[in-house]
Amino acid sequence: MFKKTLPFITLASALTIAGCVTPGGGLISTGNNATAASGAAGGASSVNANSSLERCDAPLGTIAVDDGRGKEWFASFGQATQVTTIEPLIRLAVQQSNCFVITSIGNNRTESRLSEITDKQRNSGEFRAGSNQHAGQRVAADYYLEPAIIIGNESVGGLAAGMGGLMSGFAGAVAGSLQSKQSVVTMTMFDIRSGVQLSISEGNATATNFGAALGALTGSAAGGMGGFSRTPEGKATVAAFMDAYNNMVISLRNYKAQEVQGGLGRGGQLKVGN
């Protein structure tokens, strides 16, 4: 009885492992949350934020967050993970941290739509007097935050050797094809007025997911699990961005401007001979 039951106990353990996401800073259990970013934010208040998110006592300025859609990595990343966008989750974490006030600039689609609404309300003549739609109300961004995926869901090893050998048949096929995927990302922050890079950070996370095991399933079972096979990879990428943002906040809390004798952009100290 025990010998017959062991493969299924091990398989159940494997399925549990498949839901885990491990960022560079330590284990994050997503639990009932879809990703490592959770809860809500309203002004300086946050609700149900991830307990590992770094925070600031007061905002450091206003910031524009790039939506990533124009980047070379975005299309292949979305196709592999079924993740349609990463920007809203980054915005959520940034606002919950209270380190920056976020502007619409950076998301071209949102900025275009807001500009269209503003123009209509200001110039159509169809809105009530006193609606307070006049020039000079938009808030400028001080900083620009650019997320980038460096390694997207790269396979860093499987569990076949450790688990597949304990099983046979269907159970062995499933456990033998569990894979650990790694996401490595960066975040870069620029001062908009000067164009100077102020901070850059790296974040990484791994997720264990189903690979070729889905080939052992047919019909509705395979169809129902197809999305699950990609979801942990997307979760790992979000967790990697949370890791990168945490690292950036820690460095910014200890920020010290780089100084060049004579002033920035005025020749520098590395002189060129005649």
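Bear in mind that the values here come from a model prediction, so they are computed numbers and not experimental data.

Caption draft 1: A look at the overall build of the protein chain. Across its full length, the protein chain carries seven helices and eight strands. Counting only residues that meet the buried cut, the protein chain has 39% of its 274 residues in that class. In the structure as shown, the protein chain presents an accessible area of about 15400 Å², 54% of it carried by carbon and sulfur atoms.

Caption draft 2: Focus on the state of the cysteines. By the definition in use, this model includes one disulfide. Note that Cys56 is cross-linked by a disulfide to Cys99, the S-S spacing being 2.0 Å. Sign of the S-S torsion, about 85 degrees for the bond between Cys56 and Cys99, identifies this disulfide as right-handed. In this pair, Cys56 sits in the loop between strand 3 (45–47) and strand 4 (62–65) while Cys99 sits in the loop between helix 3 (87–97) and strand 5 (101–102), placing the two residues 43 residues apart along the sequence. Its relative accessible area of 1% is what places Cys99 among the buried residues.

Caption draft 3: Local environment of unusual backbone geometry. Unusually for a residue other than glycine, Asn98 sits at a positive phi of about 65 degrees. Tracing the backbone through its elements, the reader meets Asn98 in the loop between helix 3 and strand 5. Classification of Asn98 as buried rests on a relative accessible area of 15%.

Caption draft 4: Highlighting the side chain of Ser97. Checked against the element boundaries, Ser97 lands in helix 3. Within the local environment of Ser97, its side chain forms a polar contact with the side chain of Tyr245, the two groups lying 2.6 Å apart. Setting aside chain neighbours within four positions, we find Ser97 in contact with Leu53, Glu54, Arg55, Cys56 and Tyr245.

Caption draft 5: Seen up close, helix 4 (residues 108–123). Taking 1.5 Å of rise per residue, 16 residues should cover 22 Å, and helix 4 covers 22 Å from first to last C-alpha, within 8% of that figure. In this structure Asn107 caps helix 4, since a side-chain oxygen of it lies 3.1 Å from the backbone nitrogen of Arg109. The positive-phi residue at the C-terminal boundary of helix 4 is Gly125, with phi of around 75 degrees.

Caption draft 6: Local environment of the pattern of salt bridges. In total, this model carries five salt bridges according to the counting rule given. Between Glu54 and Arg253 there is a salt bridge, with its nearest N and O atoms 2.8 Å apart. Of this pair, Glu54 sits in the loop between strand 3 and strand 4 while Arg253 sits in helix 7 (residues 219–253), placing them 199 residues apart in sequence. For Glu54, a relative accessible area of 22% puts it in the partly exposed group. Looking at Arg253, the relative accessible area reads 43%, which means it is partly exposed.

Caption draft 7: Spotlight on the packing of aromatic side chains. Applying the stated criterion across every chain, the model contains two aromatic pairs. An angle of 80 degrees between the planes, with centres 6.0 Å apart, marks the rings of Phe100 and Tyr143 as edge-to-face. Taken as a pair, Phe100 in the loop between helix 3 and strand 5 and Tyr143 in strand 6 (residues 143–158) lie far apart in primary sequence, 43 residues in all. Each member of the pair, Phe100 as well as Tyr143, carries the same accessibility label: buried.

Caption draft 8: Broad picture of the confidence of the model for the protein chain. On average, residues of the protein chain score 74 in pLDDT, and 67% of them are at 70 or above. A low-confidence stretch, residues 25–32 stays under pLDDT 50, and its non-local contacts, those more than four residues away or across chains, total 12 contacts. Predicted confidence for residues 211–229 stays below pLDDT 50, and this span has 20 contacts to residues more than four positions away or in other chains.

What counts and what doesn't
Residues numbered from 1 in each chain as written. Predicted model: local features only at pLDDT ≥ 70, side-chain atom pairs only at ≥ 80, totals over all residues. Heavy atoms only, no water. Helix = DSSP H or I, 4+ residues; strand = E, 2+ residues; numbered from the N terminus. Buried < 20%, exposed > 50% of the residue type's maximum accessible area, 1.4 Å probe, protein only. Areas by Shrake-Rupley, 256 points an atom, 1.4 Å probe, with all protein chains shown as cover. Disulfide = S-S within 2.5 Å. Polar contact = N/O pair within 3.5 Å; in protein donor to acceptor, adjacent residues only side chain to side chain. Contact = heavy atoms within 4.5 Å. Expected span 1.5 Å × (residues − 1). Salt bridge = Lys/Arg side-chain N within 4 Å of Asp/Glu carboxyl O. Phe/Tyr/Trp six-rings, centres within 6.5 Å; stacked < 30°, edge-to-face > 60°. pLDDT = per-residue confidence, 0-100.

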